[in-house]
Each structure stands twice: as structure tokens, then as C-alpha cells.
Amino acid sequence: MTNKPYPRESGCRESDYRFKQFHELMACKVRDILLVSTPYDAWIMEDDCRLSERIVNEYRGLNLSQPPRLTWVSSAEEALSALDAKPFDMVVTMPRLADMGAAALGHKIKKKSPGCR
């Protein structure tokens, strides 16, 4: 999530823009996110940018009551096992993983969970 505003259409009022953002977000509700990264990347994201805190703040800013749950795993193998155990709405992966490249992992995830984003 970013603090920068999304590009606005010309002539669009702030309230109209926020409603459009909300409407687009509601089309695919994200309840569970799987984060795949090295322990170092996970630590940097949590320590430096407070990823989970930023997600909660973004949801509150849009008046949404239930921010998604974030589950972290440290390898592609763990990610595929986690997807076997429960469905995730979204998977976020870092480009450098010890056991597999992000593109290869993405292809395996799409095969295993076609509805995952």
C-alpha cells in the first residue's frame, strides 16, 4: 500500500475519487494474504515500512472494517504447502527466494490456485 494518491481523472472531485477507489476494491475482497520472502526481507518490511500497520491504516481510511490477515512464509516450498492447507486471496512474493524464482513460483501458484491474485 502506498501513501501516494492514485492518478486521478481530470475533473474528478476527491469524494468521487475515494468512492471509485472503494467500489473497485470491493469487487474482489482480500481477506487473506500470503507473503513469501526471506526472513531479512520480512524484517525490513515490518521494521522499515510497518507493512501490517500500513494495510490496517489503508483499510481504515476507506472505512473498511476487516483488514486482511497476513501470513508469512520464508520459501516457495512453504508457500505451496500453505496454499494446500488453506486458500489465500492474494500472494505477494519478493523476487529473491532461496529455493525458486518469483516467476516460477507465480506459475505454480496459478496452477494450484487459479482464483488467487
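Residues numbered from 1 in each chain as written. Predicted model: local features only at pLDDT ≥ 70, side-chain atom pairs only at ≥ 80, totals over all residues. Heavy atoms only, no water.

Let's talk about helix α3 (residues 51-61)
Next up, step 1: For α3, the full list of buried residues reads Leu51, Ile55 and Tyr59. What you see down the axis of α3 is that its buried residues fit within an arc of 75 degrees, all on one side.
Next up, step 2: In this structure, the buried side of α3 is in contact with β1 (32-36), α2 (39-48) and β2 (69-73).
Next up, step 3: Phi turns positive one or two residues past the end of α3, at Asn63, with a value near 60 degrees. (Buried < 20%, exposed > 50% of the residue type's maximum accessible area, 1.4 Å probe, protein only. Helix = DSSP H or I, 4+ residues; strand = E, 2+ residues; numbered from the N terminus. Arc of directions from axis to C-beta. Contact = heavy atoms within 4.5 Å.)

A short note on the side chain of Ser37
Next up, step 1: Counting through the fold element by element, Ser37 comes out in the loop between β1 and α2.
Next up, step 2: Judged by relative accessible area, Ser37 falls into the buried class, the value being 0%.
Next up, step 3: Within polar-contact distance, the side chain of Ser37 engages the backbone nitrogen of Ala42 at 3.5 Å. (Polar contact = N/O pair within 3.5 Å; in protein donor to acceptor, adjacent residues only side chain to side chain.)

Worth remembering: the numbers are spatial, not functional.
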